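# Observations on chain architecture
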Amino acid sequence: MEQVKRKNRSAILNYINETGPVSRKDIAAATGLTPAAVTQICAALMEEQILVELGRAKSEGVGRKKVLVSINYDVAYVYAITIEPDGAKIALANLKGDAVGKTTYHISSQKPPKETLKEITKEALRLGREQWDLPIKGVSVAISGIVDKKRKVSVHAYGIWEEEVDVCGILEKEFSLPVIIENNVNALAVAELLYGVGKKIDNILLIKWGPGVGSSMILKKELYEGTDRKAAELGHYIVEKDGKRCSCGRRGCLETKVSYPALCEITDFAPENFGKVLSESEGLKEALDLFARCIVNTVTIVSPNRVILCGSLFRSENVRQELIRACEKYDPLMGQERITYTDLSDWEDYIGPVATFFDHCMGK
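In this text the structure is predicted, and so the values were computed from the model without any measurement.

The rules behind these values
Residues numbered from 1 in each chain as written. Predicted model: local features only at pLDDT ≥ 70, side-chain atom pairs only at ≥ 80, totals over all residues. Heavy atoms only, no water. Buried < 20%, exposed > 50% of the residue type's maximum accessible area, 1.4 Å probe, protein only. Helix = DSSP H or I, 4+ residues; strand = E, 2+ residues; numbered from the N terminus. Pairing = 2+ DSSP bridges. Axes fitted to C-alpha atoms, helices over the stretch in contact; angles between N-to-C directions. Contact = heavy atoms within 4.5 Å. Parallel < 35°, antiparallel > 145°, perpendicular 65-115°, else oblique. Left-handed = near helix turned anticlockwise from the far one by under 90°. Salt bridge = Lys/Arg side-chain N within 4 Å of Asp/Glu carboxyl O.

### Some points on the pairing of strand β7 (residues 136–143)
Successive side chains on a regular strand alternate, one facing one side of the sheet and the next facing the other. Burial within β7 is extensive, with seven of its eight residues counted as buried. Alignment of strand β4 (residues 77–84) against β7, held across seven bridges, turns out to be parallel. Pairing of Y77 across the sheet is with I136, part of β7. For β7 and strand β10 (residues 179–183), the ladder comprises five bridges, and the chain directions are parallel. Its bridge partner being in β10, V141 is matched across the sheet by I181.

Rendered as structure tokens:
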């Protein structure tokens, strides 16, 4: 029964998040729940201040007007922390992703994980002191590599830490707040589901390029993780026999060919200049073509409605257009309608952990 309650609660909040202010009657019609069940769940959510009433809807018709309810996105703020090989991005934001403060922290491989996490905490708490009156309810961490969400640890943070790290345990002591953890690309996929194209599209393949290659799948509006939490690892497809050792420990992965460090071995460039140097380098074009083949092969297997591109190496429209042309060369159906750029690019540094926290709140 508790699972049913959580599922129904999540269904109601998801629907309101997708549609905006709506009446209880319309919620019942859309979700298939009984009016009594909707009323009861909405009452509980209003008691928690997650939902608020906005008054009666404007209507030209006669009779009793519907009372609209909406999500109170300011009911909770979260320290949203994204940890990747190129550094940590930290924000303090509400449940809609509106940030009141942001900062970054450079990660040194010379420092032990515990010391790094303590320093990240200091940076985050500085943001909190500047906004002391906000209802800060937790910490959400999105990190590269393999994550065990049940044990709340980073198993192997590719390109950051090779050993298992008790991220949540360390941060809970530092913040004195509950902490949750998710893989960084999975977190971005959840963000697309809650705030992006996932509101209208059921099946998505999300691809993040920069500094490495990450991917994640949304199937029937649910994050698909597989049996070992390593589903859709596009960056770790084997593309070269006896190739270079990858950060994941295997040899010949796609990342060893098209990650930012690998591309810089062909032509040294800053990520913001990728669009320009790509048009001038045959080596970079060959790497892009390899990437396109892997994407087309993945789409052949999972058949998503949409492929969403994100990450620092996709910020150039020229790069995106070159990739789409390369994909179309192998599959004419892989055009502009199938492959699109994320609408969340301006929030990309922190929206993943915010979405993960919001999703966690919805499923309570």
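### Focus: the sheet that holds strand β12 (residues 213–219)
The strand order β13-β12-β11-β14-β15 describes an open sheet built from five strands, whose pairing is mixed. Looking at the sheet topology across the chains shown, the edges are occupied by β13 (222–224) and β15 (339–341). Looking at each pair of strands side by side, their axes are set apart by 30° on average, direction ignored. Helix α10 (residues 282–302) rests against β11 (204–209), β12 and β14 (306–310) of the sheet, and its axis sits at about 160° to β11.

### So, the packing of helix α1 (residues 2–19) against helix α2 (residues 24–31)
At a minimum axis separation of 10 Å, α1 and α2 run at an interaxial angle of 110°. One way to sum up the angle between α1 and α2 is to call them roughly perpendicular. The handedness of the crossing between α1 and α2 comes out as right-handed. On α2, the residues touching A11, I12, Y15 and I16 of α1 are D26, I27, A30 and T31.

### A few points about the pattern of salt bridges
For the structure shown, the criterion picks out 24 salt bridges. A salt bridge links R126 to E123; the shortest N-O distance between them is 3.6 Å. A residue pair is termed a helical-turn pair when its members lie 3 or 4 positions apart in one helix, as R126 and E123 do in helix α4 (residues 113–130) at three residues. By relative accessible area, which is 24% here, E123 ends up partly exposed. A single network of salt bridges, built from pairs that share partners, joins E84, D86, K89 and K208.

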